[in-house]
Every structure is written in C-alpha cells, then in structure tokens.
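Examination of the molecular architecture
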Amino acid sequence: AEVRDFIWGMHALARDLAPQVAAKLDLRGVKRLLDLGGGPGTYAIYFALAHPELRATVFDLPGPIKIARENIARYRLSGRIDTLTGNFLKDDIGQGYDFIWISHILHSHDESQCRLIIDKAIQALEPGGALAIQDFYLNDDGCSPPGAAMFSVHMLAVTPKGRSYKHREVAQWLADKGLTAAAHIQSSPDASILVAKKQ
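Everything numeric here is computed off the predicted structure, so don't read it as measured data.

On the surface, Phe6, Met10 and Leu13 cluster together into a nonpolar patch covering about 320 Å² of accessible area. Its location among the elements puts Phe6 in helix α1 (residues 2–24).

Structure follows, in structure tokens:
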C-alpha cells in the first residue's frame, strides 16, 4: 500500500510538469521511446499525447508497472504504450529505441550505478537516438539551486549513497561514452534535463 501511494504521488507531482517538458523536448520523428524507471508512466503518457506517431515503453519494477498499466489505460493509450518489468541495474531493458527518458533516477544511486544505467541506455539506443536525463542537478558551486542542494542532503539520509549530481558531472559521463555535447534545459526551478545524442 505504501508503494502504491508513493507511485500515485509521483504521478500527481509529474502530471503538471510533464506537458511542459514535452513541449521543451524535440520529439519530432521519434518512433520508439523508453521511459526508464518510469513509475506510473506519466511522462510516457504526456509524450504520447503530444506526439500521436510516438510509441513508448515504460520500464520499472513489478509494483510500479502494475500502476503504470492502470494509468496508461486511464488515458486510453494501451495501444501505444506498453510496459516492461525488471530491475534496470540487472535486467535487459530492450533495444531499438530512438529516445530514452530517465527522470529522477540518478539521485537514488551512487556514481558507479549511475554510469551503469547510462551505459545500458546508450546500448539500447539506435544510432542518432537521444538520451534525456532529468534530475535535481547542482550547479558548479555544489550548493545551488537550494532545492537541489537540500534534496541531496535528503538522499544522503535515506539512501545508501544517493545524492544530487552536478549537471556538468553527468554531462561529462555522457561525453565519456561518445555522446554529443549535452544540451542543458531547465524544466523547473530545481530540476533540469541533459539531452545528448548517440553518434
């Protein structure tokens, strides 16, 4: 019951932001999108609503995926959004995507896990595909914006090694794997998105 309440709470938080994010991302021509660790599928839903030609897959653990399926059905998108159950640190996440969306996942993991998640996403991307990672990124000073800094303290308290990462730090991880220079897009006062393309 706690997991269910948490996942539906995540939908409530993302529901207002997701349409704004969809408008800021260039999803023209995207045919297959993966929402990795997508929880209730909110972003996949709003991406699909904004782009009728887009088909999406939501990947997450069994509990969140059960809720995602309910949510997708609510929006009458079951024909265009499917689900894949698994642990993205251990299991296959699929192949052949031309856009992968990762939202508020990195802050729960240590650097080695974050790099693993990014590596798996890159391997699942088609050449020319894009990887977009939204999170509570810190600026170069490591203590702003305030919301991201406070969230980092929270992650240090409630996860084994999670924290907020600097956006330049994550952008460098992407560059290390050969992706194009990451664009940095503000999505809310405390969150932003890095978008880079696979060559």
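Read on for the rest.
Mapped onto the fold, Ser192 is located in strand β7 (residues 192–197). Ser192 gets classed as buried once you look at its relative accessible area, which sits at 3%. Not counting residues up to four positions away in its chain, the partners in contact with Ser192 are Ile133, Gln134, Asp135, Tyr137, His184, Ile185, Gln186 and Ser187.

Bringing helix α4 (residues 111–124) into the picture now. With 14 residues, α4 should cover 20 Å at 1.5 Å per step; its first-to-last C-alpha distance of 20 Å lies within 8% of that length. Along α4, the residues classified as buried are Cys114, Ile117, Ile118, Lys120, Ala121, Ile122 and Ala124. Residues of α4 that are buried make contact with β1 (32–36), β4 (97–103), β5 (125–135) and α6 (167–176).

Here we come to the sheet that holds β7. Pairing in this open sheet of seven strands is mixed, and the strands run β3-β2-β1-β4-β5-β7-β6 from one edge to the other. Where the open sheet ends on each side, the last strands, each with one partner, are β3 (81–85) and β6 (183–186). Ignoring which end each strand starts from, the neighbouring axes of this sheet average 20 degrees apart. Where β1 meets β4, four bridges bridge the pair, whose relative direction is parallel. Directly across from Asp35, in β4, lies its bridge partner Trp101. Against the sheet, α4 contacts β1, β4 and β5, and its axis sits at roughly 145 degrees relative to β5.

Conventions we followed
- Residues numbered from 1 in each chain as written.
- Predicted model: local features only at pLDDT ≥ 70, side-chain atom pairs only at ≥ 80, totals over all residues.
- Heavy atoms only, no water.
- Patch = residues over 30% accessible without salt bridge, like charges linked within 9 Å, V, L, I, M, F, W, Y side chains within 5 Å.
- Areas by Shrake-Rupley, 256 points an atom, 1.4 Å probe, with all protein chains shown as cover.
- Salt bridge = Lys/Arg side-chain N within 4 Å of Asp/Glu carboxyl O.
- Helix = DSSP H or I, 4+ residues; strand = E, 2+ residues; numbered from the N terminus.
- Buried < 20%, exposed > 50% of the residue type's maximum accessible area, 1.4 Å probe, protein only.
- Contact = heavy atoms within 4.5 Å.
- Expected span 1.5 Å × (residues − 1).
- Pairing = 2+ DSSP bridges.
- Axes fitted to C-alpha atoms, helices over the stretch in contact; angles between N-to-C directions.

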